[in-house]
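Topology and contacts: notes
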Amino acid sequence: MSEQEEQKPGEYIIGLTLGTVVAGAAWFLYKTKKGKRLRSWWDKYFNELKDEWAKLQEQEAEPLTLPKPVRKPRSHPEPKKKTFHQSGRPLVK
């Protein structure tokens, strides 16, 4: 027998086990009172998450406007006497 044929019974058992677990979970959620309470709690919880996600998406869509920093007016130093104002060179007489 090849290695592939030997693994098939194991895969069958794993699939059967997973299917049984999923069926048991579905039965619990839809046929018991605790399952119905759990489903209603999940519904509320995920609706809250969805609302929060929508708020975050709206905030991202809005452009972020930061307040402009307040600029202090610069104080210009007084020009020295007997100098050309813009270059700062002395006046030639």
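Residues numbered from 1 in each chain as written. Predicted model: local features only at pLDDT ≥ 70, side-chain atom pairs only at ≥ 80, totals over all residues. Heavy atoms only, no water.

What follows is about the pattern of salt bridges. All chains considered together, the criterion is met by one salt bridge. Among the ionic pairs, K55 bridges to E52, the shortest N-O distance being 3.8 Å. One end of the pair is K55 and the other is E52, both in helix α2 (residues 33-61) and three residues apart, which spans about a single turn. Look at K55 and you get partly exposed, because its relative accessible area is 46%. Assessed through its relative accessible area of 44%, E52 is described here as partly exposed. (Salt bridge = Lys/Arg side-chain N within 4 Å of Asp/Glu carboxyl O. Helix = DSSP H or I, 4+ residues; strand = E, 2+ residues; numbered from the N terminus. Buried < 20%, exposed > 50% of the residue type's maximum accessible area, 1.4 Å probe, protein only.)

As a further point, take the packing of aromatic side chains. Counted under the stated rule, the structure contains two aromatic pairs. Considering the side-chain rings of W41 and Y45, the 5.4 Å spacing of their centres and the 10° angle between planes classify their relative orientation as stacked. Here W41 pairs with Y45, and both are found in helix α2, just four residues apart, close to one helical turn. A relative accessible area of 48% means that W41 is categorised as partly exposed. (Phe/Tyr/Trp six-rings, centres within 6.5 Å; stacked < 30°, edge-to-face > 60°.)

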